[in-house]
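Residue strings, one per chain:
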Amino acid sequence: MKRRFLSINFHHDTVKRFKGFSRKVSNSYSTTLDMIMDFFEWHGFLPDDRFGKSIVQEILKNRKRTEAMIAIIKDIEKNQTKPTNAMLLSLFEEKTEDDDEIEIWTERFKSQRLEQEEQIEVTVPKIRYERLEDKMSSLTKDFSYVLDKVKLVKSSFGKNYLRLELTEGEIEKFKRTIKNL
């Protein structure tokens with residue numbers, strides 16, 4: 001589609017200035033004028049506006065937005081990414097600070113159990129003793145499974161606490177086992 005040309009009257013110096021500007025920007029005068037009008041419409045400026053204050057205001061507003069975004073990203077990293085990463089590492093059995101506390105508690109439990117075993121000397125029939133040993137090994141295995149499911153949770157608010165990560169079915173199974181002893 002061929003475009004129609006119309007004429008507009010301009011002052012002689014304005015036409016000279018526009019022609020010089022147009023050579024720098026584009027091949028045709030129409031394209032140059034379209035680009036100028038698009039610039040003003042896009043940025044919401046009027047030709048008689050002074051850019052000094054408005055451009056500085058835009059830069060400051062963008063800087064504030066950027067600083068706000070940086071603060072949000074740092075907060076997300078601190079409160080979401082690092083704890084999630086620690087949980088993933090513990091799932092894949094990587095060594096974390098929390099594992100040390102859990103190991104200390106399991107060692108204490110094992111040492112107390114050994115001390116109690118050394119103090120008790122009771123004579124019982126061999127069959128009953130073997131059954132009790134089987135039950136004890138089963139309970140020890142179940143209890144160490146439960147201890148493995150205990151995780152230390154560092155709370156942002158208040159004290160840290162321990163979380164037991166067992167399903168309801170597993171808890172019911174342990175209750176039945178203890179009840180049947």
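Residues numbered from 1 in each chain as written. Predicted model: local features only at pLDDT ≥ 70, side-chain atom pairs only at ≥ 80, totals over all residues. Heavy atoms only, no water.

1. Looking at the overall build of the chain
- In terms of regular secondary structure, the chain is built from six helices and two strands.
- Intrachain contacts of the chain at a sequence separation of at least 6 include 31% that bridge at least 24 residues.
- As displayed, the chain has an accessible area near 17,100 Å², and 57% of this comes from carbon and sulfur atoms. (Helix = DSSP H or I, 4+ residues; strand = E, 2+ residues; numbered from the N terminus. Contact = heavy atoms within 4.5 Å. Areas by Shrake-Rupley, 256 points an atom, 1.4 Å probe, with all protein chains shown as cover.)

2. Observations regarding the pattern of salt bridges
- Per the counting criterion, the structure on display carries one salt bridge.
- For Glu-172, the salt bridge is made with Lys-175, and the minimal N-O distance between the two is 3.9 Å. Placement of the pair is Glu-172 and Lys-175 together in helix H6 (residues 168-179), with a separation of three residues, close to one helical turn.
- According to the relative accessible area criterion, Glu-172 is partly exposed, its value standing at 40%. (Salt bridge = Lys/Arg side-chain N within 4 Å of Asp/Glu carboxyl O. Buried < 20%, exposed > 50% of the residue type's maximum accessible area, 1.4 Å probe, protein only.)

3. A word on the packing of aromatic side chains
- Evaluated as defined, the whole model comprises three aromatic pairs.
- Measuring from centroid to centroid gives 6.0 Å for Phe-18 and Tyr-29, while their planes differ by 50°, and the two rings are tilted. In this pair, Phe-18 is assigned in helix H1 (residues 12-25) and Tyr-29 in helix H2 (residues 29-43), connecting sequence segments 11 residues apart.
- The interplanar angle of 80° and the centroid separation of 5.5 Å between the aromatic rings of Phe-39 and Phe-40 together place this pair among those described as edge-to-face. (Phe/Tyr/Trp six-rings, centres within 6.5 Å; stacked < 30°, edge-to-face > 60°.)

4. A few points about the packing of H1 against H2
- One can describe the packing of H1 onto H2 by two numbers: an axis separation of 9 Å at closest approach and a directional angle of 85°. By the angle between their axes, H1 is roughly perpendicular relative to H2. Here H1 contributes Phe-18, Lys-19, Phe-21, Ser-22 and Val-25 to the contact with H2, which in turn contributes Tyr-29, Thr-32, Leu-33, Met-35 and Ile-36. (Axes fitted to C-alpha atoms, helices over the stretch in contact; angles between N-to-C directions. Parallel < 35°, antiparallel > 145°, perpendicular 65-115°, else oblique.)

5. Comments concerning helix H5 (residues 126-148)
- Over its 23 residues, H5 runs 32 Å from end to end, which matches the ideal 33 Å to within 8%, given 1.5 Å per residue.
- Within the span of H5, buried status applies to Asp-142, Val-146 and Leu-147. (Expected span 1.5 Å × (residues − 1).)

6. Thoughts on the packing of H5 against H6
- H6 packs onto H5 with a crossing angle of 150° between their chain directions and a minimal axis gap of 12 Å. Judged by the inter-axis angle, H5 sits roughly antiparallel to H6. Classified by chirality, the crossing of H6 by H5 is left-handed. Contact residues: H5 offers Asp-142, Tyr-145 and Val-146, while H6 offers Glu-170, Lys-173, Phe-174 and Thr-177.
- For the contact of H5 with H6, a count of residues per class yields three nonpolar, one polar and three charged. (Left-handed = near helix turned anticlockwise from the far one by under 90°. Nonpolar A, V, L, I, M, F, W, Y, C, P; charged D, E, K, R; others polar.)

7. Description of a nonpolar patch on the surface
- Taken together, the side chains of Met-69, Ile-72, Ile-73 and Ile-76 define a hydrophobic patch exposed on the protein surface, amounting to about 360 Å² of accessible area.
- Topologically, Ile-76 is positioned in helix H3 (residues 51-91). (Patch = residues over 30% accessible without salt bridge, like charges linked within 9 Å, V, L, I, M, F, W, Y side chains within 5 Å.)

8. Details of the side chain of Thr-32
- Relative to the helices and strands, Thr-32 resides in helix H2.
- Separated by 2.9 Å, the side chains of Thr-32 and Ser-22 make a polar contact.
- Filtering out sequence-adjacent residues up to four positions away, Thr-32 remains in contact with Phe-18, Phe-21, Ser-22, Val-25 and Ser-26. (Polar contact = N/O pair within 3.5 Å; in protein donor to acceptor, adjacent residues only side chain to side chain.)

9. Section: the confidence of the model for the chain
- Scored by pLDDT, the chain comes out at a mean of 78, with 76% of its residues at no less than 70.
- Here helix H4 (residues 97-119) stands out as the element of the chain with the lowest mean pLDDT, 62, in contrast to H1, whose mean of 92 is the highest. (pLDDT = per-residue confidence, 0-100.)

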